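If you want the building blocks of each chain, they are given just below.
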Amino acid sequence: SLVTSKDMFKKAYEGQYAVGAFNVNNMEIIQGIVDAAKEERAPLILQVSAGARKYAKHIYLMKLVEAAIEDSGLPICLHLDHGEDFEICKSCIDGGFTSVMIDGSKLPFEENIALTRKVVEYAHGRGVVVEAELGRLAGIEDAVNVSTKDATYTDPDQAVEFVERTGVDSLAIAIGTSHGAYKFKGESNLDFDRLATISRLLPAFPLVLHGASTVLPEFVEKCNNYGGQLKGAQGVPEDMLRRAGQLGVCKINIDTDLRLAMTASIREHLSKNPADFDPRQYLKPARAAITGMVKHKIRNVLNCSGR
Ligand code: G3H
Ligand code: 13P
Ligand code: NA
Ligand code: ZN
């Protein structure tokens, strides 16, 4: 059935593991992820961005996820990723999502609180849970010194005030990750001291890590070996994700690793089979590549297999 993330996060917090939140845009991506979660008997969050809704349409994604639930028998949470205003959150709540993110992280603190509070009131009245964000995800040049860190990373005391005043169900924090395939120049570095402090000040409260793809070298190399140009791509090392899962992070967001797995497979297939033109010939292995990658994450990184 379609469920919220409430119980998933409670169990994840207590068990010191994380639930994977995977971005979905089409049928093959949904099937690839759900096959993995089914084989691993793992809790699962499928998340949809504004861009995904624009690409595939809300109704198609909704029906595909309903089909995935019916076909797999898994409980799945369907989440809006990075909702930027009240309207898109309302639209997803009214349209059957069980979880929404209101991302007011660009707003001044008081405005972020007011907007988040408004979404929480609407969502909770309808049995839907809410994720918010405080602090800004780093750009590749950001946070090279302490003062930029303090200006962009999540402030622990503000996080406590934010959670108390909004009644939000989970909070995305900024500790040095960023979206996409180019997260770090040189050595990767996350602010685990800050994460530990936030986690200590918010006991039993689920934190969320965005920008958590590892940018697996296997897929980057395959893309580059078959005509791609992904120079200097670098993500969050998997041991750092495991550590985050033990420090109160209950939801780990993964999109880029799905994109890379799929694209690497398609590039390889078309390069090795230049006469193929039936989309099923390259989408089938691409879907299988997603399943393999997600199984690896569930088992070896999120530690949520069988949970
Ligand atoms: O946070 C960003 C996610 O990777 C979704 O990306 O807005 O291109 O669908 P998108
Ligand atoms: P990645 O780009 O690291 O996969 O992050 C995805 C994300 O945070 C979606 O909200
Ligand atoms: Na989100
Ligand atoms: Zn994100």
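Residues numbered from 1 in each chain as written. Chains lettered and ligands numbered in written order. Predicted model: local features only at pLDDT ≥ 70, side-chain atom pairs only at ≥ 80, totals over all residues.

A.B. asks: What exactly am I supposed to notice about the overall build of the protein chain here?
C.D. replies: In terms of regular secondary structure, the protein chain is built from 13 helices and eight strands. On C-alpha atoms alone, the protein chain measures out to a radius of gyration of 19 Å, which is about the 19 Å that the 2.2 N^0.38 rule sets for 307 residues. With the C-alpha coordinates of the protein chain rotated into their principal frame, the extents come out at 60 × 45 × 35 Å. Long-range contacts, defined here as pairs at least 24 residues apart, represent 73% of the contacts in the protein chain between residues at least 6 apart. (Helix = DSSP H or I, 4+ residues; strand = E, 2+ residues; numbered from the N terminus. Rg over C-alpha atoms; globule rule 2.2 N^0.38 Å. Contact = placed C-beta atoms within 7 Å.)

A.B. asks: Is there a simple way to explain the site of ligand 1 in this structure?
C.D. replies: Lining the immediate surroundings of ligand 1 are Asn23, Ser49, Gly51, Ala52, Asp81, His82, His179 and Asp255. Counting residues per element, the ones that place at least two in the shell around ligand 1 are α3 (50-56) and β3 (76-83). Residue composition of the shell around ligand 1, grouped by class: one nonpolar, five polar and two charged. (Near = placed C-beta within 6 Å. Nonpolar A, V, L, I, M, F, W, Y, C, P; charged D, E, K, R; others polar.)

A.B. asks: Help me understand the site of ligand 2, please; the structure alone is not making it clear to me.
C.D. replies: Taken together, 14 residues form the shell around ligand 2, and within it His210, Ser213, Asn253, Asp255 and Thr256 come nearest. The set of elements that each furnish at least two residues to the shell around ligand 2 consists of β3, β8 (249-254) and α12 (256-272). In terms of residue class, the shell around ligand 2 is built from two nonpolar, nine polar and three charged.

A.B. asks: For this particular structure, what's the right way to read the UniProt feature "binding site: Zn(2+) 2" (unreviewed entry) in the protein chain?
C.D. replies: Mapped onto the present numbering, the UniProt feature "binding site: Zn(2+) 2" (unreviewed entry) falls on Asp103 and Glu133. Across 31 residues, the annotated set stays spatially compact, with a maximum C-alpha separation of 5.5 Å. Structurally, the position occupied by Asp103 is in the loop between β4 (99-102) and α6 (109-124). If you trace the backbone, Glu133 turns up in strand β5 (residues 129-134). Residue Glu133 is classed as buried on the basis of its C-beta count, with 25 C-beta atoms lying within 10 Å. The contacts of Glu133, once residues within four sequence positions are left out, are Asp103, Gly104, Ser105 and Ala172. (UniProt positions renumbered as here; feature names shortened; annotations may be inferred. Buried ≥ 20, exposed ≤ 12 C-beta atoms within 10 Å, placed from the backbone.)

A.B. asks: Is there a simple way to explain the sheet that holds strand β7 (residues 207-209) in this structure?
C.D. replies: The strands that make up a sheet are held in pairs by hydrogen bonds between backbone atoms, and each pair lies either parallel or antiparallel. Overall, parallel pairing links the eight strands, which are arranged β1-β2-β3-β4-β5-β6-β7-β8 in a closed barrel. Looking at each pair of strands side by side, their axes are set apart by 25° on average, direction ignored. Pairing of strand β2 (residues 44-49) with β3, which is carried by six bridges, proceeds in the parallel orientation. Looking at the pairing, Leu46 lines up with Leu78 of β3. (Pairing = 2+ DSSP bridges. Axes fitted to C-alpha atoms, helices over the stretch in contact; angles between N-to-C directions.)

A.B. asks: Whenever I open this one, the nonpolar core confuses me. Can you help?
C.D. replies: For soluble globular proteins, nonpolar side chains are generally found buried alongside one another. In this structure, Ile33, Leu46, Val100, Leu171, Ile173 and Ile290 are the most contacted members of the largest nonpolar core, which totals 92 residues. Examining the composition of this core, we find that eight residues originate from one element, helix α13 (residues 279-302), more than from any other. Once residues lying within four places of it in the same chain are set aside, the contact partners of Ile33 are Phe22, Val24, Leu46, Ile290 and Val294. (Core = buried A, V, L, I, M, F, W, Y, C linked by C-beta atoms within 7 Å.)

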